[in-house]
Amino acid sequence: MKRAISETIDSVSRRSVLTIGATVSIGTVAGCLGETGGSGENAEGEADDDHGGDVGADVSAETSALAAEMVEAIDDDLSVLKWQLHDMFVPQYTDSAGMDSDIPILGDAYADIVDQGFDRRAMPTLLDDNEIPDSMVFLEPEWATAYLDGDWSKEEYYAEIEASKH
């Protein structure tokens, strides 16, 4: 008996879709940029001290430092387990009190680094207890700039981040 495509899609859990989507997205970004020493080691082969930061070879030291600054800013509230910075910045965290609580933490920290010149899209990803992606939001430099320039209120900025949740 043939199943309609919509029936097949409906039978796939949200968690499966998120896990597959995050894996493909992160794998695609990392794969397109080649080997970057993603083993938790820096260019000299020494262990990284920054929550497993995996930084692409084409990323400037300044951009990498700004990403690490955001990791440090959110780590007290949202325990960052690891992060990647290639074409996109992907901090992966736990200890969420819910996305409503996470968005101000993430949005404010991101606006701070955009204000200092960070120009990459970010996809903070909440991991469940098994370190499987549970949900994620996007943060766009244009959104942070609109907020910082006064074109958007804090509520509008947070609402845009909330709307990007998947």
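> Mind showing me how you'd approach the overall build of the protein chain here?
For the protein chain, the helix and strand inventory stands at six helices and six strands. Ordered by position from N to C terminus, the α and β elements of the protein chain give α-α-β-α-β-β-α-β-β-β-α-α. Within the protein chain, the proportion of its 166 residues that are buried is 38%. The contacts in the protein chain between residues at least 6 apart in sequence include a share of 60% that link residues at least 24 apart.

> What should I look at first to understand the side chain of Thr125 in this one?
Among the structural elements, Thr125 can be located in strand β5 (residues 125-127). In this structure, Thr125 is in contact with Val90, Pro91, Gln92, Tyr93, Pro133, Ser135 and Met136, ignoring residues within four places of it in sequence.

> Sorry, what's going on with the pattern of salt bridges here?
Once the charged atoms of two side chains with opposite charge are near each other, the side chains can pair. Applying the stated rule across the entire model yields one salt bridge. When the shortest N-O distance is used, the salt bridge between Arg121 and Glu140 registers 2.5 Å. Within this pair, whereas Arg121 is found in strand β4 (residues 121-122), its partner Glu140 is found in the loop between β6 (133-136) and α5 (141-148), the two being separated by 19 residues in sequence. By relative accessible area, which is 15% here, Glu140 ends up buried.

> What exactly am I supposed to notice about the pairing of β6 here?
A regular strand carries its side chains on alternate faces of the sheet. Of the strand pairs in this sheet, β5 and β6 are connected by three bridges, and their pairing is antiparallel. When the sheet's bridge partners are listed, Thr125 is paired in β6 with Met136. Where β5 folds back on β6, the antiparallel hairpin that results is connected by five residues, among which Glu131 adopts a positive phi of roughly 60 degrees.

> What am I meant to see in the pairing of strand β3 (residues 88-93) here?
With six of six residues buried, β3 lies mostly within the body of the structure. Alternating positions in β3 separate into two faces, Met88, Val90 and Gln92 on one and Phe89, Pro91 and Tyr93 on the other, with burial throughout. Bridge analysis of strand β2 (residues 80-85) against β3 gives five bridges, and the strand direction is antiparallel. The partner of Leu85 across the bridge, within β3, is Phe89. Here β2 folds back onto β3 in antiparallel fashion, the turn holding two residues.

> Just to check I follow, could you spell out helix α6 (residues 154-163) for this structure?
Because the α-helix completes a turn every 3.6 residues, residues three or four places apart line up on one side. When we look at burial in α6, the residues that qualify are Tyr157, Tyr158 and Ile161. Along the axis of α6, the buried residues cluster in a sector spanning 95 degrees; they form a single face. Pointing more than 90 degrees away from the buried face of α6 are the exposed residues Glu155 and Ala163. Where α6 is buried, its residues contact α4 (99-115) and α5.

> What exactly am I supposed to notice about the confidence of the model for the protein chain here?
Averaged over all residues, the pLDDT of the protein chain equals 79, while 69% of them reach at least 70. Considering each helix and strand of the protein chain separately, the mean pLDDT is smallest for helix α1 (residues 5-11), with a value of 46, and largest for α5, with 98. Note on residues 1-12: pLDDT is under 50 here. Beyond four places in sequence and across chains, it has three contacts. Overall, residues 28-50 carries pLDDT values under 50, and its contacts beyond four positions in sequence, including any with other chains, amount to 22 contacts.

> Could you clarify how one ought to interpret α4 in this entry?
Compared with an ideal rise of 1.5 Å per residue, which puts 17 residues at 24 Å, α4 spans 23 Å between its outermost C-alpha atoms and is within 8% of the ideal. At its buried positions, α4 is contacted by α3 (61-75), β3, β4, β6, α5 and α6. A positive phi of about 115 degrees marks Gly117, the residue just after α4.

Cut-offs and rules
- Residues numbered from 1 in each chain as written.
- Predicted model: local features only at pLDDT ≥ 70, side-chain atom pairs only at ≥ 80, totals over all residues.
- Heavy atoms only, no water.
- Helix = DSSP H or I, 4+ residues; strand = E, 2+ residues; numbered from the N terminus.
- Buried < 20%, exposed > 50% of the residue type's maximum accessible area, 1.4 Å probe, protein only.
- Contact = heavy atoms within 4.5 Å.
- Salt bridge = Lys/Arg side-chain N within 4 Å of Asp/Glu carboxyl O.
- Pairing = 2+ DSSP bridges.
- Arc of directions from axis to C-beta.
- pLDDT = per-residue confidence, 0-100.
- Expected span 1.5 Å × (residues − 1).

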